[in-house]
Amino acid sequence: MAFGSDFRVKYLMRDVQRIVTKRLSEEGVENPLRLRVFDEDAGDNMLWDKGGLTFTTDEDNDAGSGDGAWYVEENWIDLISKKKSKFKPILVIEGTFGTETGNVGDAQKTKLSHIFELPQRKILSAILMPKLAEYYSSGKNQNKLPPTFVVNGRWMKSMVMASISLSQKWNCETMLIDAYNKQQLEELVYSLAKQQIQNNETNQEYKKKQIHEIMCEMSLFVDQYAKDFFEKSRRSNYPLSVLDLPMKDGKISSTWVAKIHSDDVKAFGVTTGKNPKAKSRHRNGHRLLGNAQELMQITGKNTFLLLPRWDKIDLKKLHDNQGDSKSQKEFTNLVDNPSLDILTMDDIDFGNDTELRDEFKRIRKIGIDLDAKLPGKDSDKLKECCLKLKWGLYSKKFKINR
Amino acid sequence: MLFVHNPYGQHYEDQIVITLNKDSMIEILHKNFGFKKVKDPFGNTAIQMSARDAFRFSLIEGTPYLAQEYGYTCKEQMRVFYGRSSLNDGFVYYTPGLFGVKRIGDTIHLDEGNSPYYLDKKFPSMFHGNKTVIFHEETTLESKAEVERDFHKKIKEKKEDPSEYLLSTVSKSNSRKENFLEFVASQYFNKQGYLTESQVPYANNQGVPDFAAYKTPLTDLLIDKKFIESACPLSEISTACIFSNKGKSFKEKINYEVVIGEAKTNADATKQLCTHKELGLASCLFEIFARQKKKNDFGLLKFDDDYVINFDAGPIQSINKTLLKNDEKFFENYVKFYLIGNLPLEKIKEKFVTSKKERESEQLIKRVMNTSFNDIVNFVEQGMK
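Because the structure is a prediction, the values reported are computed rather than measured. (Residues numbered from 1 in each chain as written. Chains lettered and ligands numbered in written order. Predicted model: local features only at pLDDT ≥ 70, side-chain atom pairs only at ≥ 80, totals over all residues. Heavy atoms only, no water.)

Take the overall build of chain A next. Each helix and strand in chain A was counted, giving 12 helices and 15 strands. Rg of the C-alpha trace for chain A: 22 Å, near the compact-globule value of 21 Å for 402 residues, within the 12% margin. Along the first, second and third principal axes, the C-alpha set of chain A runs to 75 × 55 × 40 Å. Sorting the 402 residues of chain A into buried and exposed places 57% on the buried side. The contacts in chain A between residues at least 6 apart in sequence include a share of 70% that link residues at least 24 apart. Accessible surface, chain A: about 16,700 Å² in total, of which carbon and sulfur atoms supply 48%. A distance of 3 Å separates the average location of the 65 positive side-chain charges in chain A from that of its 58 negative side-chain charges. (Helix = DSSP H or I, 4+ residues; strand = E, 2+ residues; numbered from the N terminus. Rg over C-alpha atoms; globule rule 2.2 N^0.38 Å. Buried < 20%, exposed > 50% of the residue type's maximum accessible area, 1.4 Å probe, protein only. Contact = heavy atoms within 4.5 Å. Areas by Shrake-Rupley, 256 points an atom, 1.4 Å probe, with all protein chains shown as cover. Lys, Arg positive; Asp, Glu negative; His and termini not counted. Charge placed at Lys NZ, Arg CZ, Asp CG, Glu CD.)

Written out as structure tokens, the structure is:
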């Protein structure tokens, strides 16, 4: 069994709990906060009321699980599922040191689904991840000389923006905390413990101050990015977001936006079986769900995951449960959520541009036949087609058949 | 055909499938490695180990020390690389762990890490005296942190010192026992003269092996220079600043060799082993436990009906000689980092991190790799005086 960075996160939480307990003990009081943390997935994946670290979506599906949670021994009713528990969650943490090992791009967004359901329950949550980390990898493709090639890995700004929006929407904070700044988490947990000991004005203010400092750091981090976000999506090639989505009636949707992704159905574990490694290598359902949730949160609109390499047969395969178990969970969370949906090439009205539609069809077939990564030239062609689709939708040359 | 009375095992026609539970795990540790069976403060059977063995147990099995209210494990905390140069176009993939990291503004700096040098200061009793491993069998799903807290409290109530204890939480089924099996394999291969590890730096997208063992001429050198007592887990090289080592080397001619094991309790590891076979780095590939049934293409480490290890190395795997040669070079560099892990950060930085323009971690890696093994040995010997 090879452990990932989760193990480090889980012991960092223990370390914080140990420090806070010691501080309080020196003040002559007992730490009222307990720490729920397991060293393996089985515990994480249990529902909160059963002793685990998982909460449900509005549709009663299991959402992503946390890595640990501070709680108090107090009767609590889940505002969404209405289930009762003897333990009230105070702060749920989802953590990763993945920025040190290559999780420097879109993949970070998988973390969002682990805390997404918490603010509506009025539970504080945080993604614990290095704000800036050094990521060592092979520099061969960059024509660098061995033995080292290192780049900076940072928090993804769009994810920070989505967390801020989520906090504002529910008036309950979802935070990003720098995993290299243990003291920030320590002060937060200490302030939460103090408030549990005595809920007076001083302690309330102290807690507010800690949360405010964390939220300010997040806001500062995305300041310029947030100002440019909507303009950039409309003027630049990337991100592949379509914020003005023309629908069947020719009008721009007032309720839906879309994010184009070039993944094929292997992303959710549907493979031909020809290539045994395909299932694990192409597992991207988690990332796609994170992307859809992120755009929904930032724009405040319902979000289509627009997958032009898929057709309705691919979608049916997932409805028929042909993905792997983890991907099926993410797929269910996507399609059961009334604010999210999947569109395939069959949902796009390409007008007279049959060439673009046929190109998507051709590339889809190659990906499925190969059961592997696309060859370089098809991969480049796919990028080009996705851009044509984005700008075709913005110019209303194409429409969504809804 | 075997039909043996075994209270913890199920009998199949041609094999015994041991259930790894508290009792069988204790027996395995006692019978194979001579760890003493003792009573824990609550009257239950436990295992007593030296501080050195307890460090290995925590490092590989993951069992936390109870020195403080919430446990501390050594597992996953002392990494140096997560990718090896031999499998990644000559590039090493460094990660904080043994050496720490801190961010000041927009710059990352080296910091005190989780090396035994610093752990000894944080947990003064960790590396001293005998330790008792308590085995706690889970009845329901419990927060591990809270179980640790409860035990810490109960041990104190019994007027005992919690810092003398480690707590191993055991599930009733075979599941989640891979770490224990990795520890067993590690101890077994250490006895055979191999350096071992369970946090194997490997190739990108090739599947990280659960366990690796290395036969290397460096082992004798490390013993002669008193950095290690005998063949051991790699991270133990960094404990020379704490443990005194009086072992004797074998003085045998040894060729570099890599062994890879995959620990499984509820499935087989054929898929992973086939991937390793394709790569051609390891001359021995084996499953650990893996429902006790041997596959023709690979070896198996299993237990007989009396819990004694029975290792069948399986067929010798064909290797890529160029790859192995490159890997030997990587391994030599890798060991250098565990050697300098014996020193405080100031001494390390003073020697290897001198430029204010270049990244500190990159300076450390490049300069250590550019310094000869003997020079590193001399530098660390001097630094430890």
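What follows continues from the structure just given.
Let us look at the sheet that holds strand 4 (residues 45–49) of chain B. For sheets, the rule is that strands pair by backbone hydrogen bonds, running either parallel or antiparallel. Residue and element names in this part refer to chain B. The mixed open sheet is built from 4 strands, whose spatial order is 3-4-9-10. The two strands at the open ends of the sheet, each matched to only one other strand, are strand 3 (36–39) and strand 10 (165–170). The sheet shows a mean angle of 35° between the axes of neighbouring strands, taken without regard to direction. Inspection of the sheet shows strand 9 (residues 131–137) paired to strand 10 by 6 bridges, in the parallel sense. The residue of strand 10 that forms the bridge with Glu137 is Val170. Along the sheet face, helix 1 (residues 22–33) touches strand 3, strand 4, strand 9 and strand 10 and points at about 30° away from the line of strand 4. (Pairing = 2+ DSSP bridges. Axes fitted to C-alpha atoms, helices over the stretch in contact; angles between N-to-C directions.)

Bringing the environment of Thr148(A) into the picture now. The topology assignment puts Thr148(A) in the loop between strand 7 (132–136) and strand 8 (150–154). Residues Thr148(A) and Ser137(A) lie 11 residues apart in sequence; the distance between their C-alpha atoms is 7.4 Å. With near-sequence residues (within four places) excluded, Thr148(A) lies in contact with Tyr136(A), Phe91(B), Val92(B), Glu362(B), Ile365(B) and Lys366(B).

Let us look at the packing of helix 6 (residues 201–235) of chain A against helix 12 (residues 376–394) of chain A. Residues and elements named next belong to chain A. Their axes nearest at 10 Å, the elements helix 6 and helix 12 cross at an angle of 105°. What the angle tells us is that helix 6 and helix 12 run roughly perpendicular. Judged by residue contacts, Ser233, Arg234 and Arg235 of helix 6 engage Lys390, Trp391 and Tyr394 from helix 12. For the contact of helix 6 with helix 12, the per-class residue count stands at 2 nonpolar, 1 polar and 3 charged. (Parallel < 35°, antiparallel > 145°, perpendicular 65-115°, else oblique. Nonpolar A, V, L, I, M, F, W, Y, C, P; charged D, E, K, R; others polar.)

Residues and elements named next belong to chain A. Under the domain assignment, chain A is made up of domain 1 (5–230) and domain 2 (237–400). For domain 1 and domain 2, the distance between their C-alpha centres works out to 29 Å. Listed by partner, the interface residues are 23 residues for domain 1 and 21 residues for domain 2. Between domain 1 and domain 2, a total of about 1,900 Å² is buried, with carbon and sulfur atoms accounting for 58% of that surface. Of all residues in domain 1, the largest losses of buried area upon contact with domain 2 belong to Glu59, Lys109 and Phe116, amounting jointly to 25% of the total for that side. In this structure, the connection of domain 1 to domain 2 is made through 2 salt bridges. One salt bridge connects Asp106 with Arg287, and the closest N-O pair in it is separated by 3.3 Å. Those elements that place two or more of their residues in the side of domain 1 that touches domain 2 are strand 3 (62–65), helix 3 (112–115), helix 4 (157–170) and helix 6. The element best represented in the side of domain 1 that touches domain 2 is helix 4, accounting for 7 residues. The residue makeup of the side of domain 1 that touches domain 2, split by class, is 10 nonpolar, 8 polar and 5 charged. (Domains from an automatic or database assignment. Buried area = accessible area lost by both parts, 1.4 Å probe. Salt bridge = Lys/Arg side-chain N within 4 Å of Asp/Glu carboxyl O.)

Residues and elements named next belong to chain A. Sheet architecture is open: 4 strands sit in the order 10-11-12-13, paired in mixed fashion. Looking at the sheet topology across the chains shown, the edges are occupied by strand 10 (241–242) and strand 13 (340–344). Bridging between strand 10 and strand 11 (residues 256–260) involves 2 bridges; their strand directions are antiparallel. The residue bridging Val242 from the neighbouring strand is Ala258, located in strand 11.

All names here are of chain A. Between helix 11 (residues 354–370) and helix 12, whose axes approach to 10 Å, the crossing angle comes to 145°. Helix-helix and strand crossings are classified by hand; for helix 11 and helix 12 the assignment is left-handed. Of the residues in helix 12, those touching helix 11 at Leu356, Glu359, Phe360, Arg362, Ile363 and Ile366 are Asp378, Lys381, Leu382, Cys385, Cys386, Lys388 and Leu389. Here the residues of the contact of helix 11 with helix 12 are counted per class, giving 8 nonpolar, no polar and 5 charged. (Left-handed = near helix turned anticlockwise from the far one by under 90°.)

With that settled, consider the pattern of salt bridges. In this structure the tally under the stated criterion is 63 salt bridges over all chains. Note that Arg309(A) is salt-bridged to Asp264(A), the shortest N-O span being 3.2 Å. Highlighted residues: Arg309(A) in the loop between strand 12 (302–307) and helix 9 (312–319) and Asp264(A) in the loop between strand 11 and helix 7 (278–281), separated in sequence by 45 residues. For the pair formed by Arg309(A) and Asp264(A), the shared burial category is buried. Across the salt bridge formed by Lys37(B) and Glu27(B), the nearest N and O atoms sit 2.7 Å from each other. Here the residue Lys37(B) occupies a position in strand 3, and Glu27(B) occupies one in helix 1, the gap between them amounting to 10 residues. The exposure class assigned to Glu27(B) is buried, which follows from its relative accessible area of 15%. If you follow the salt bridges from partner to partner, you end up with Glu30(A), Arg34(A), Glu73(A), Glu69(B), Glu146(B), Arg149(B) and Asp150(B) in one network.

Our focus in this paragraph is the pairing of strand 4 (residues 68–77) of chain A. Residues and elements named next belong to chain A. Where strand 1 (residues 34–36) and strand 4 come together, 3 bridges link them in antiparallel fashion. Its bridge partner being in strand 4, Leu35 is matched across the sheet by Trp70. Where strand 4 lies against strand 5 (residues 84–95), 8 bridges are found, and the strand directions are antiparallel. Looking at the pairing, Glu73 lines up with Phe87 of strand 5. Where strand 4 folds back onto strand 5 in an antiparallel hairpin, the turn is made up of 6 residues, including Lys82, whose phi is positive at roughly 65°.

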